[in-house]
4 protein chains.
Amino acid sequence: MEPDLIQNSQVHHNNIEEFGPKFKKLRITDNVRELQTVLRDKSTSRGDFIFFADRLIRLVVEEGLNQLPYRTSKVTTPTGQVYDGLRYEKGNCGVSIMRSGEAMEQGLRDCCRSIRIGKILIQSDEDTHEAKIVYAKLPPDIADRKVLLMYPIMSTGNTVVKACTILKDHKVREENIILLNLFTTPQAVHLVLNKFPEVTILTSEVHPVAPNHFGQKYFGTE
Amino acid sequence: MEPDLIQNSQVHHNNIEEFGPKFKKLRITDNVRELQTVLRDKSTSRGDFIFFADRLIRLVVEEGLNQLPYRTSKVTTPTGQVYDGLRYEKGNCGVSIMRSGEAMEQGLRDCCRSIRIGKILIQSDEDTHEAKIVYAKLPPDIADRKVLLMYPIMSTGNTVVKACTILKDHKVREENIILLNLFTTPQAVHLVLNKFPEVTILTSEVHPVAPNHFGQKYFGTE
Amino acid sequence: MEPDLIQNSQVHHNNIEEFGPKFKKLRITDNVRELQTVLRDKSTSRGDFIFFADRLIRLVVEEGLNQLPYRTSKVTTPTGQVYDGLRYEKGNCGVSIMRSGEAMEQGLRDCCRSIRIGKILIQSDEDTHEAKIVYAKLPPDIADRKVLLMYPIMSTGNTVVKACTILKDHKVREENIILLNLFTTPQAVHLVLNKFPEVTILTSEVHPVAPNHFGQKYFGTE
Amino acid sequence: MEPDLIQNSQVHHNNIEEFGPKFKKLRITDNVRELQTVLRDKSTSRGDFIFFADRLIRLVVEEGLNQLPYRTSKVTTPTGQVYDGLRYEKGNCGVSIMRSGEAMEQGLRDCCRSIRIGKILIQSDEDTHEAKIVYAKLPPDIADRKVLLMYPIMSTGNTVVKACTILKDHKVREENIILLNLFTTPQAVHLVLNKFPEVTILTSEVHPVAPNHFGQKYFGTE
């Protein structure tokens, strides 16, 4: 009967069944849970917050790359054997949703050195509260690319829905959008997948309470 | 009938059953297989080799941290909820086996900023071919610590056996040794676990052919 | 008689006398000139461009920190001596001007782990061509802080003038603004210092031709 | 009358005149003095020590690159101008002297992505106290290369003298050795330059008291 206790245990179950096959969750290990714990803790210093956030981001990015197309590739080893491997296809890009999504850019670059990284700024209209696009800088020929859309915290899902709309307006195919996310509420997942059932969502935690202090703490701005 | 073809597929099966519960393998994803492929390919440039090796090392280190003890930890979030999390226990250290193990030090430091990192140098006696310890620099009170032993390529397993002997001579408990490895042969796993059944081995690939060019390519020395 | 030859030699002279005491230039070494050369060269790959840009940014950031206030600080060494040193005062922040200024954020963070980093987006009005502020996210109490304003390429100087206006609107004192810049035209320096004679400008090169492809090449977007 | 006060001011003078033209010192700015202060302070945490050491190392490495040969190089800019630049010659390598010199390897790699990095281990004979080489792993064809020799703290200079002897035994030309150092005593400079007058020494501070805790603090081992 502790209504404030976040029941971590109960959210580690069958999200995939609940949300369908386009929903992916990072494998939850003790290590990942520590990263999540530090990021949830209000007493974490900004230096530690950034360090641990960067680690969780890196894990989500590495996992996100598994959603991209690979082809088999036979290579020759230094001792002359043929090794039956895989190579990653060209034709991907990243797009961060400002402001918090920008925290994920370096992690993406640390895995994909010269990936193109676009950016979208969405703001709520003060009168209508409608999400409006303010700014978009996207890679050329984005229509032909897979898009790793970066946004670490989903609370309502409205911002991501708007971002996906913008991408589709730029002729990106819905199934080519992969959302890289750290924390999301269940309703945000439902909203995004209702609107865009072909979008892939990758997260590390589904929880009714989103850590909305993320961007403010990471960047130190209001 | 291609005797030189490295049968990647067949090595991705039941290693755990084969080697027992102290043997752990990184979850093999397309992404991990790409990293392995680039590292196997003799045509990979040194710059790329280092970049991809560092990524695979990072994944092995992050996974290796799961072998360390954690305790539950309730933290308070910025919105006043209690979050039921985990924290990592103090009292760990890293030890690299020269020379190739040193390539893993930065990856460990990137995950554990101020972890103590010791070092062991083992060389074969020119006459007897016996592995001999030449140099060891270890953290104080290593006897009370968990040890992340770093050695990326195991071919015979002799060097790791010698390193474990040195650690035990320093009163490290066998069950406190966790070997972080990238590529190993099956016989090396058998040798190490025969001699030290309580040591944990984490690797990304078990394969009869070890990429013995690793250290030479990573550091550019003979 | 080569009108297209950029006369590097002639721009390495008395800029300080020309622009007054608030203008600072990175000490030009062979190493810095190599970085500049790679960034100027149209045949540079994106991977190399990012790598070399990050190095030049790092040097400008380290030099920029010299513009911040330090106090003397006596510390005790491990052998019991008193060492007569310096420590950096608290109360600084970074502000990047989108989009290209964002390329400098990681370099700043690599030197100042938990510095707060704000952001300003300025765009030209399509009708009036006037620079307009679209977005600003600034640290709280910025009025009391020194501001490392990040913008790598200055061509006309209009964007930086607008950014300084915004900062002054937020009660930042003009003498507390330090512009970190990689390449600038002489007219941009004149414009900024005419409007804001107390602003400090730090650059690595003053040249009539600004490498305006910087942001596009760094991020890979149009 | 404070005999223990390290007279920082008096060591920032004419070292170059004192030690001759092969001795180079990093330009001493407030920023560099802060880095030195943090490294001298016994109350600095290991995490901070590593972070500040890495920054000072990076500055020494960037400055050290100026000791390497460059050639002029005309490049074409994206707007079609010819830019009169410089490029760095191939044929360099790094060699770290264990153990403390290894702390400088990552900094070198962060500036020169695929530079070959060799290693030398020297120990004192327990009976004769003579410096003896225990281990050396050097790049092939080192005789044809410039060598960035890495050793952060010079107290007596004996270890560096031994390392230079080893390099010369491998046919490295004396004038091709550039020592990258953070802190040195005056007598160490004299010893090295007496024995090897063509070696270049680059440091950030000459001081009678060397911070000999460096390696122990950086790596956390005894």
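Just so we're clear, the structure is a prediction, and the values are computed from it rather than from any experiment. Counting from 1, residues in each chain are numbered in the order their sequence is written. Chains and ligands are labelled by the order in which they are written, letters from A for the one and numbers from 1 for the other. Where local features are concerned, this predicted model is filtered to residues with pLDDT of at least 70; where side-chain atom pairs are given and counted, the filter is 80 or more; whole-chain, interface and lining totals use all residues. The side-chain figures draw on all heavy atoms in the structure; neither hydrogens nor water molecules are used.

Draft legend 1. Quick peek at the sheet that holds strand E5 (residues 92–97) of chain C. Residue and element names in this part refer to chain C. On the basis of which strands lie adjacent, the open sheet formed by seven strands has the order E2-E12-E10-E8-E5-E6-E7 and mixed pairing. Two strands in the sheet have a free side with no partner beyond their single neighbour: strand E2 (23–25) and strand E7 (131–137). Direction aside, neighbouring strands of the sheet carry axes that sit 20° apart on average. The criterion for strand pairing is that DSSP finds at least two bridges linking the strands in question. The helix and strand labels rest on DSSP assignments: H or I over at least four residues marks a helix, E over at least two residues marks a strand, and numbering proceeds from the N terminus. Axis definition: a line fitted to C-alpha atoms, over the contacting stretch in the case of helices. Angles run 0 to 180 degrees between N-to-C directions.

Draft legend 2. Looking closely at the sheet that holds strand E7 (residues 131–137) of chain B. All names here are of chain B. Read across the open sheet, the seven strands follow the order E2-E12-E10-E8-E5-E6-E7; overall the sheet is mixed. Sheet topology places strand E2 (23–25) and E7 at the edges, where each strand pairs with a single neighbour. Taken over all neighbouring pairs, the strand axes of this sheet differ in orientation by 20° on average, direction set aside.

Draft legend 3. Representation of the packing of aromatic side chains. Stacked, edge-to-face and tilted labels apply to pairs of Phe, Tyr and Trp rings (six-membered ring for Trp) whose centres lie within 6.5 Å, assigned for plane angles under 30 degrees, over 60, and everything in between, in that order. This model, assessed by the stated rule, comprises 24 aromatic pairs over all chains. A ring pair is formed by Phe 214 of chain C and Tyr 218 of chain C, whose centres lie 5.8 Å apart and whose planes are at 15°; its orientation type is stacked. Of this pair, Phe 214 of chain C and Tyr 218 of chain C both sit in helix H7 (residues 214–219), separated by four residues, roughly a single helical turn. In this pair, the class of Phe 214 of chain C matches that of Tyr 218 of chain C, namely buried. Relative to Phe 219 of chain D, the ring of Tyr 218 of chain D has its centre 5.0 Å away and its plane inclined at 70°; by these criteria the two rings are edge-to-face. You'll find Tyr 218 of chain D and Phe 219 of chain D in the same group, each marked buried. One aromatic cluster in this structure is built from Phe 49, Phe 214, Tyr 218 and Phe 219 of chain A. Just above the ring of Phe 219 of chain C sits the side chain of Arg 99 of chain C; from NZ or CZ to the centre is 3.6 Å. Geometrically, a lysine NZ or arginine CZ counts as sitting over a ring once it is within 6 Å of the ring centre and also within 35 degrees of the ring normal. Its guanidinium or amino end placed over the ring of Phe 51 of chain D, Arg 113 of chain C lies 4.0 Å from that ring's centre, counting from NZ or CZ. Only protein chains enter the calculation, and the probe is 1.4 Å; a residue is then buried if its accessible area is under 20% of its type maximum, exposed if over 50%, and partly exposed in between.

Draft legend 4. Geometry of the relation of the copies chain A and chain B. Copies are brought into register by a least-squares superposition over C-alpha atoms of residues with pLDDT of at least 70 in both. Once chain A has been moved 0.0 Å along the axis and rotated by 180°, it coincides with chain B to within an RMSD of 0.0 Å. In symmetry terms, the pair is related by a two-fold rotation axis. Scanning chain A for the C-alpha nearest the rotation axis identifies Leu 59 of chain A, at a separation of 4.0 Å. Contacts: residue pairs with any heavy atoms within 4.5 Å of one another. Looking at chain A, 100% of its interface residues are interface residues in chain B too, so the copies touch through the same face.

Draft legend 5. Inspection of the interface of chain A and chain B at higher detail. Contact residues are listed per partner, giving 50 residues for chain A and 51 residues for chain B. Take the accessible area each of two parts loses on contact, using a 1.4 Å probe, and add the two losses: that sum is the buried area. Buried area between chain A and chain B, summed over both chains or domains, comes out near 5000 Å², and the portion from carbon and sulfur atoms is 53%. For chain A, the biggest contributors to the area lost against chain B are Tyr 83, Leu 86 and Arg 113 of chain A; these three give 13% of the whole. Counted as salt bridges are all cases of a side-chain nitrogen of Lys or Arg within 4 Å of a carboxyl oxygen of Asp or Glu. Taken together, the links from chain A to chain B amount to eight salt bridges. A salt bridge links Glu 34 of chain A to Arg 87 of chain B, with the nearest nitrogen and oxygen atoms 3.3 Å apart. The set of elements that each furnish at least two residues to the side of chain A that touches chain B consists of strand E1 (5–6), helix H2 (30–40), helix H3 (46–65), strand E3 (70–76), strand E4 (82–88) and helix H4 (105–111) of chain A. The dominant element in the side of chain A that touches chain B, judged by the number of residues it contributes, is H3 of chain A, at nine residues.

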